[in-house]
Amino acid sequence: MLGWIVALIAVAVATSSAVRTYQARREAYGASARAELNERQAKAAEARTLALTEEIRQLARRRIPAAATALSHRTAPVPGLREAAGIDGEAARLLSEAVQAARTAVLEERGRVDAAARSAMRGTSAKIQSLLNQSQHLLHELQHEYDDPRILQLDFRNELALRRTQATAVLCDAWPGLARQNSSLVEIVLGAQSRVPGYERIKVANHLRQERLALVARAAEPLAIALAELLANATAYSHPDTEVPVTVQQTAGRGALILVDDAGIGMDDDALERARTLLSGPSEVLLTELGDPPQTGFAVVGRLIARYGFSCHIESSPYGGMRTMLRIPAHLLTVMDDDRTLSVLAPKPVHARGTGAAEPAEPPEPAEPPEPAEPVAPASAEPAGPAPAAEAEAPPAELPTRRRRARRTDSPESSTTRSQTVEEPTLRTPEQAGAAWAALQEGTLSGRKAPGPPAQAPPAASPSDDLGDDET
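It should be emphasised that the depicted structure is a prediction, and the values quoted were computed from it without experimental measurement. (Residues numbered from 1 in each chain as written. Predicted model: local features only at pLDDT ≥ 70, side-chain atom pairs only at ≥ 80, totals over all residues. Heavy atoms only, no water.)

### Quick word on the overall build of the protein
Secondary structure summary: the protein contains 11 helices and 8 strands in total. The buried share among the 472 residues of the protein stands at 36%. Approximately 27,000 Å² of the protein is accessible, and the part contributed by carbon and sulfur atoms is 56%. (Helix = DSSP H or I, 4+ residues; strand = E, 2+ residues; numbered from the N terminus. Buried < 20%, exposed > 50% of the residue type's maximum accessible area, 1.4 Å probe, protein only. Areas by Shrake-Rupley, 256 points an atom, 1.4 Å probe, with all protein chains shown as cover.)

Structure, rendered in structure tokens:
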């Protein structure tokens, strides 16, 4: 009996020992597994921390600067997360919010800086424009008192500076600074031409059905500024030996259309898209987005379009360069009164050139053309320069007319017909009219001076002379 008790005790001890050994092994295995798990978790946490650190580094060095650059250059790429798999959703969302917050902060700061710059430039432009207008008035007085072609050159450069100042003011949301009355559309085109370097290359063709078609007073100067910018762009980006055709015509919808063509270098797709965006009249154009040096031409036209209601489109030209189409709606047009005299330099409508006298007249004697360096600026200056002695002695009572060179013995009927023919005004081309007007003005100014040696004219300026004009 005692043996059985000893055996049971031995079995119990062995079983207890085995259980304790199993539990010890199990605990040891669990501890090892936990240690391994902790090690893996620590490595994973370290990897996530490293990935997050790299993402923050990329956020500061690449993503935020790229996002700021993309605000000015729409096609600039903005990189995303480098290790998307190693960043949890909350961290990725916070990083994206950081980029967006940086973009918003940059936009707000750029807006504040741009507004301050606009305000400063607006005030400065107003003062400069006032001084240039005073200079222009003084130069016009000097042209009537002194027979020196350099005064006209100085007046022309003053006009170029005035146009750039006006464009800057318009870009800064200022008033153009000049009030007009209702003005003939063709005369506005000539006025815009006189504000552009290389004006002699611009050839205006008048296809209006109504010769006295005009712009209402509030839109006259804005249209002149916009057209001058387009003409300056066409002359600046085309060869100096090429012409810049300008066509003025009426549209079927009772509006008007001005076409400006050039044989220049054209535009690539990106430049053309940006030009069309600016010409569409966006609500705001930042000065910092116009480049260095700033290219303001299309931006100025876009601001005027948004404010005054006309429109502009640009496309490839059949001349090889670009064509801009300035559309004027009917509500900005009117017809001038008959008592208003049109400029002698304004080209007659093309359809009216074919209607002449019943009897063809002999061609007039060739007049001496003005020097190329002396601009015939119909809107800003009167022609001036040395005149030949014969022209100085001739009385400047009227413009030169066509005359017969030899007498003819005709019947009373033919004499009456010829008299009626002479009484009807002879239509001239714009070049002939400009030369005649220059000859008349030069003769008038020379007649006021005492006899003396003729003034020495300065050398003619070439089309490539630097006139200080910064184009689109």
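### Points about the packing of aromatic side chains
What describes a pair of aromatic rings is the distance from one ring centre to the other and the angle between the planes of the rings. All chains considered together, the criterion is met by 1 aromatic pair. Consider the rings of Phe156 and Tyr199, whose centres lie 5.3 Å apart with planes at 70°: the pair is edge-to-face. Linking Phe156 in helix H3 (residues 149-171) with Tyr199 in the loop between helix H4 (185-193) and strand E2 (202-207), this pair joins segments that are 43 residues apart in sequence. Across the pair, exposure class does not vary: Phe156 and Tyr199 are buried alike. (Phe/Tyr/Trp six-rings, centres within 6.5 Å; stacked < 30°, edge-to-face > 60°.)

### Regarding the pairing of strand E4 (residues 244-250)
For a regular strand, side-chain orientation follows a simple rule: the groups alternate between the two sheet faces. Counting buried residues in E4 gives 6 out of 7 residues, a clear majority hidden from the surface. Both E2 and E4 contribute to a ladder of 6 bridges, which runs parallel. Directly across from Ala205, in E4, lies its bridge partner Thr247. As judged from the 5 bridges shared by E4 and strand E5 (residues 256-261), these two strands associate in the antiparallel manner. In the sheet register, Val246 faces E5, and the bridge partner there is Val260. Count of turn residues in the E4/E5 antiparallel hairpin: 5 residues, of which Arg254 carries a positive phi of about 65°. (Pairing = 2+ DSSP bridges.)

### Structural notes on the pattern of salt bridges
For the structure on display, the rule yields 17 salt bridges. Of the charged contacts, one joins Arg150 and Asp148 as a salt bridge, the two residues approaching to 2.8 Å between their closest N and O atoms. According to the relative accessible area criterion, Arg150 is exposed, its value standing at 52%. Close ionic contact of Arg180 with Glu221 constitutes a salt bridge, the shortest N to O distance being 3.0 Å. Remark: Glu221 occurs in helix H5 (residues 217-236) and Arg180 occurs in the loop between H3 and strand E1 (183-184); sequence separation between them is 41 residues. Given the relative accessible area of 24%, Arg180 is considered partly exposed. Put simply, Asp114, Arg118, Asp173, Arg303 and Arg307 are held in one network by salt bridges that share partners. (Salt bridge = Lys/Arg side-chain N within 4 Å of Asp/Glu carboxyl O.)

### Some points on the side chain of Asp262
As for its position among the elements, Asp262 is in the loop between E5 and helix H6 (269-279). Despite its burial, Asp262 pairs with no opposite charge; the closest candidate is Arg201, at 7.7 Å N-O. Among the polar contacts made by the side chain of Asp262, one reaches the main-chain amide nitrogen of Gly264 at a distance of 2.8 Å. In contact with Asp262, not counting residues within four places along its chain, are Ala234, Ser238, Ser317, Tyr319, Gly320, Gly321 and Met322. (Lys, Arg positive; Asp, Glu negative; His and termini not counted. Polar contact = N/O pair within 3.5 Å; in protein donor to acceptor, adjacent residues only side chain to side chain. Contact = heavy atoms within 4.5 Å.)

### Details of the sheet that holds E4
Strand pairing in a sheet takes place through backbone hydrogen bonds and is either antiparallel or parallel in direction. Taken together, 5 strands build an open sheet; the order of strands is E2-E4-E5-E7-E6 and the sheet is mixed. Two strands bound the open sheet, and with one partner strand each, they are E2 and strand E6 (311-316). If you compare each strand with its neighbour and ignore which way they point, the axes differ by 15° on average. Relative to strand E7 (residues 322-328), E6 runs antiparallel, the two sharing 6 bridges. Bridged to Glu315 within E7 is Arg323. The strands touched by H4 are E2, E4, E5 and E7; relative to E2, the strand with the most contacts, the crossing angle is about 175°. (Axes fitted to C-alpha atoms, helices over the stretch in contact; angles between N-to-C directions.)

### Section: a nonpolar patch on the surface
A cluster of nonpolar side chains, namely Leu2, Ile5, Val6, Ile9 and Val13, defines an oily patch on the protein surface of about 480 Å² accessible area. Note on placement: Ile5 falls in helix H1 (residues 2-70). (Patch = residues over 30% accessible without salt bridge, like charges linked within 9 Å, V, L, I, M, F, W, Y side chains within 5 Å.)

### A look at the nonpolar core
Of all hydrophobic cores here, the largest spans 58 residues; its most connected members are Leu185, Ile258 and Ile328. Here the element with the most residues in this core is H5; it accounts for 12 residues. (Core = buried A, V, L, I, M, F, W, Y, C linked by side-chain atoms within 4.5 Å.)

### Considering the packing of H3 against H5
Between H3 and H5, whose axes approach to 11 Å, the crossing angle comes to 110°. Here H3 is positioned roughly perpendicular relative to H5, judged by the angle of their axes. Pair H3 / H5 crosses with left-handed handedness. Mapping the contact onto sequence places Arg163, Arg164, Gln166, Ala167 and Val170 in H3 and Glu221, Ile225, Ala228, Glu229 and Ala232 in H5. Along the lines of polarity and charge, the residues of the contact of H3 with H5 split into 5 nonpolar, 1 polar and 4 charged. (Parallel < 35°, antiparallel > 145°, perpendicular 65-115°, else oblique. Left-handed = near helix turned anticlockwise from the far one by under 90°. Nonpolar A, V, L, I, M, F, W, Y, C, P; charged D, E, K, R; others polar.)

It is worth stressing that arrangement in space is one thing and function is another; only the former is reported here.
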